[in-house]
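Inside the fold
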Amino acid sequence: MPSFDIVSKADAQEVLNAVDNANRELATRFDFRGVQAEFSVKETTVTMKAEAEPQLTQMKDLFFNKAIKRGLDIRSFESGKVEFSGKTCSQQLTVKQGVEKDLAKKIVALVKDSKLKVQASIQGDEVRITGKKRDDLQEAIALLRATDLGQPLQYQNFRD
């Protein structure tokens with residue numbers, strides 16, 4: 001029976017490359033000269049540190065530009081609160097990995113409401129779509145691509 005999986009993953013190496021590129025540009029920018037500002041990455045979290053909150057906003061835009069150039073979708077990053085400590089402030093950008101339960105339920109409901117001849121089931125942090133015909137699966141992919149769910153989705157393991 002034909003099927004495919006819906007997942008949401010960001011390439012960790014590309015995130016690291018975007019952080020490195022952003023750090024390099026910070027070192028050369030005139031408005032950050034003499035300012036303690038840096039990006040760091042740890043597992044699935046990118047941390048930005050600067051001396052003032054407006055600088056964090058500029059750093060976030062800079063990082064998102066670098067991430068887009070590396071082929072990452074900025075919807076896969078979730079911004080945390082700005083934290084102040086001493087004379088520096090920091091903010092964390094968390095990389096969303098996997099399809100969360102709420103989003104998975106929304107995807108299943110969307111597929112069922114579309115009246116396509118496919119079945120959707122939640123399997124951990126993935127959603128599996130199965131159907132009798134390959135064309136029905138391709139229609140389901142087209143339906144999900146046309147709908148903005150707030151998180152980038154990838155379609156893997158397309159089997160006939």
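The structure contained in this document is the topic of the report that follows. Within every chain, residues take consecutive numbers counted from 1 along the sequence as written. Thresholds applied to this predicted model are a pLDDT of at least 70 for local features of residues and 80 or more for the giving and counting of side-chain atom pairs; totals over whole chains, interfaces and linings are not thresholded and use all residues. Excluding hydrogens and water, the side-chain figures rest on all heavy atoms present in the structure.

As for the packing of aromatic side chains
- Two aromatic rings from Phe, Tyr or Trp, using only the six-membered ring of Trp, form a pair when their centres are within 6.5 Å; if the ring planes differ by under 30 degrees the pair is stacked, by over 60 it is edge-to-face, and anything between is tilted. Using the criterion set out here, one finds six aromatic pairs in the structure.
- Ring plane angle 70° and centroid distance 6.1 Å describe the contact between F4 and Y155, whose orientation is recorded as edge-to-face. One end of the pair, F4, is in strand β1 (residues 3-7); the other, Y155, is in strand β9 (residues 154-159), with 151 residues separating them in the sequence.
- Burial classes follow relative accessibility: with a 1.4 Å probe on protein chains only, a residue under 20% of its type's maximum area counts as buried, one over 50% as exposed, and anything between as partly exposed. Taking the relative accessible area as the measure of exposure, F4 reaches 0% and is therefore buried.
- Plain terms: the ring middles of F63 and F64 are 6.2 Å apart, the flat faces sit at 45° to each other, and that makes the pair tilted. Secondary structure elements are taken from DSSP: a helix is a run of H or I of four residues or more, a strand is a run of E of two residues or more, and numbering for both begins at the N terminus.

Quick word on the pattern of salt bridges
- Take a side-chain nitrogen of Lys or Arg and a carboxyl oxygen of Asp or Glu: if they are within 4 Å of each other, that pair is a salt bridge. Enumeration over the complete set of coordinates arrives at six salt bridges.
- A salt bridge links R75 to D148, with the shortest nitrogen-to-oxygen separation between them at 2.9 Å. Note that R75 is positioned in the loop between α2 (53-69) and β4 (77-79) and D148 in the loop between α4 (134-146) and β9, a separation of 73 residues in sequence.
- A relative accessible area of 60% means that D148 is categorised as exposed.

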